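# Breakdown of the fold
So you can see what is in the structure, the chains are spelled out below.
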Amino acid sequence: MKKVRFFLDPMERLGHEKYSLFFPVIGSGVFLYLIDLIVVNDLINSSFSSALIIASSIVLLVYFSFRDGIRAGVITILIVVGYYFYIILTRLEPQQVQGALNTTLLLGLLYLGIGVIIGWLKQSLDKLIQKEKAATILADEERLRLKSVLEQLPVAVRIANLKEKRIEGNRKFEDLFKRKLGGDLDKEIKYIAEHEYKNGKKLNVDDLALVKSMKSKKKLLSEEIEYVRDDRKRLFLKVSAVPVFNKNRKVISVVSVLTDITEEKEQAKRKDNFISMASHELRTPITTIRLYLDLLSKRIQTYGDESFLKLIGNLIVQTERLQQLSSDLLDVSRIQTGKLHFIKQDFLLNELVAEVCSLFQQTSHNKKITVEESGPIVVTGDRFRIYQVLTNLLTNAIKYSEKDTEIIVKTRKVNENVEISVQDFGIGIDPSQRRKIFNLLYQVEDSTEKTFPGLGMGLFISREIVKQHSGKIWVDGEKGKGSTFHFTIPLGGQK
Ligand code: ADP
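Here we summarise the structure given alongside this text. (Residues numbered from 1 in each chain as written. Predicted model: local features only at pLDDT ≥ 70, side-chain atom pairs only at ≥ 80, totals over all residues. Heavy atoms only, no water.)

Sheet architecture is open: eight strands sit in the order S3-S2-S1-S8-S7-S6-S4-S5, paired in antiparallel fashion. Single-partner strands in this sheet number two, and they are strand S3 (182–184) and strand S5 (201–202). Looking at chain direction, strand S4 (residues 196–198) and strand S6 (residues 220–228) are connected through two bridges and run antiparallel. Residue pairing in the sheet places Glu 196 in a bridge with Tyr 227 of S6. On the sheet, helix H6 (residues 185–195) packs against strand S1 (156–161), strand S2 (166–169), S3, S4, S5 and S6 and is oriented at approximately 50° with respect to S4. Of the strands in this sheet, S1, S2, S6, strand S7 (234–245) and strand S8 (251–260) are in contact with helix H7 (residues 209–216), which crosses S7 at around 20°. (Pairing = 2+ DSSP bridges. Helix = DSSP H or I, 4+ residues; strand = E, 2+ residues; numbered from the N terminus. Contact = heavy atoms within 4.5 Å. Axes fitted to C-alpha atoms, helices over the stretch in contact; angles between N-to-C directions.)

Structure representation (structure tokens):
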């Protein structure tokens, strides 16, 4: 049935570019033969005969040129005109021939115009439909390829189609969220908002990475969020949302990539907990040992053997280092959990500088510590924590420079701030390392540094303290000639 329709119905053949000449020739011949039988046998009124012949010719012409294109149209016209000649030469009176030939010529030209136009239309339509089909096949292939790439990706991907208001996810997405995605975009956005949290707070629809990227037309990279799944499991995710534009810069979809970082987060939490507990646990026994050592050294001073005093002195130095280490560990853990607190008040900076420098001068006889101060300066901050920064910088200045060198500590007002700098004439720092040394546990690794003990916590803690005072910390100097560390803190009450 389908084949018969395809054979007879020109509409079915649209877009197929299958043009036959055989059927128009045979079809027109047979059709005209049948018409001729009607005419010859006087089955209709003779005045209708010419009308029937002309109407049949037009039907044949339109049908074949629309079925098989220009060439078929022209062939049909030739057959029709041939038939007209046949009638003129065999059936008309000699005096009628000239008029009939003229009419045939005119009709022939008219038929030719109609046939060519319809045939051309048919062939153009075929070409257009073919092109359209090829484009659709290409688009379908492209879509399939993209889909299979998405399915293979090891990260969860969610694609929001804004035009069709639909949202879809890949297999990894379904595995991670334990749910199927493929539905109404608005409903899904509401669903996400009910399940996503940031810093413990539920997110509003407008705060979702997907919605933000859709509205701002910008990429959002690596936002950290928490997601509570339907089975109550809490996931930590990194979300990136990227808008996709059409030619007119209109956002047509938003692609979100979700990376599961739950394991890393839990690991980091366990590590933080461990550092925090270990530093707390260390503190008590070390403080007790220190107390006993102080007691012992007093007793020996009063009653005992002087030679023990040196040994005890060494023990005290080592215990102080342990104390410093455990308190640094505790600070690092506080910084990482956001629990490093400050008690800020106005105090005299030059007094603090003098105090720290004289303390260091007493214990470091082979260094000359010079203070170049610019008179009394009141600053606002946590005195103990600023003391800690200065101590860290002076410890490093002493540690990383030779015997009998100088260390210069300067203070100067710069706009609303005070800049404090500690300069040494030691091993210096390569420019490529200047930013990195403020990172946690970072230590410069080259031959000149290897011999110095330390863990790389001091500058990290200092940077955090300065940051919490809205200040900056940086270093300059030259490798091999020394370094100068600078930091700023805000001026206090009098400004
Ligand atoms: P630590 O001294 O315990 O290793 P810090 O965080 O205080 O840790 O310092 C980090 C690194 O920066 C040090 O390991 C050292 O390589 C470099 N550094 C710090 N201060 C100086 C200095 N004054 N001169 C040269 N290098 C320094």
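Further notes follow.
Moving on: the nonpolar core. In terms of nonpolar packing, the biggest core is built from 41 residues, with Leu 349, Leu 390, Leu 394, Val 422, Ile 437, Phe 485 and Phe 487 touching the most fellow members. Those elements that place two or more of their residues in this core are helix H9 (306–336), helix H10 (349–363), helix H11 (383–399), strand S12 (406–414), strand S13 (417–423), helix H12 (458–468), strand S14 (473–478) and strand S15 (482–490). At seven residues, H11 tops the list of elements feeding residues into this core. Discounting residues that sit within four places of it in the chain, Phe 487 has contacts with Ile 386, Val 389, Leu 390, Leu 393, Val 418, Glu 419, Ile 420, Val 466, Lys 472, Ile 473 and Trp 474. Counting residues in each nonpolar core, the second largest holds 28 residues, with Ile 167, Ile 192, Ala 241 and Val 254 among its members. (Core = buried A, V, L, I, M, F, W, Y, C linked by side-chain atoms within 4.5 Å. Buried < 20%, exposed > 50% of the residue type's maximum accessible area, 1.4 Å probe, protein only.)

Right, let's get into the environment of Pro 490. In this structure, Pro 490 sits in strand S15. On the accessibility criterion, Pro 490 (26% relative accessible area) is partly exposed. Beyond its immediate chain neighbours, meaning those up to four positions away, Pro 490 contacts Val 379, Thr 380, Glu 416, Asn 417 and His 469.

On to the packing of aromatic side chains. Applying the stated criterion across every chain, the model contains seven aromatic pairs. A ring pair is formed by Phe 23 and Phe 64, whose centres lie 5.3 Å apart and whose planes are at 75°; its orientation type is edge-to-face. With Phe 23 in helix H2 (residues 22–40) and Phe 64 in helix H3 (residues 46–91), the pair connects residues that are 41 residues apart, well separated along the chain. A single burial state applies to Phe 23 and to Phe 64, both of which are buried. Both rings, one in Tyr 63 and one in Phe 64, keep their centres 5.0 Å apart while their planes meet at 75°; by these two values the pair is edge-to-face. (Phe/Tyr/Trp six-rings, centres within 6.5 Å; stacked < 30°, edge-to-face > 60°.)

Once that is clear, we can look at unusual backbone geometry. The residue Ser 222 is not glycine, and still its phi comes out positive at about 50°. Following the sequence through the fold, Ser 222 ends up in strand S6. With relative accessibility at 43%, the residue Ser 222 sits in the partly exposed group. Residues other than glycine seldom take positive phi values, yet Arg 249 does so here, at roughly 60°. Assignment of secondary structure puts Arg 249 in the loop between S7 and S8.

Next up on the list: the side chain of Glu 419. Inspection of the secondary structure assignment puts Glu 419 in strand S13. At a separation of 3.1 Å, a polar atom in the side chain of Glu 419 contacts the side chain of His 486. In contact with Glu 419, other than residues within four places in its own chain, are Lys 410, Thr 411, Arg 412, Val 414, Trp 474, His 486, Phe 487 and Thr 488. (Polar contact = N/O pair within 3.5 Å; in protein donor to acceptor, adjacent residues only side chain to side chain.)

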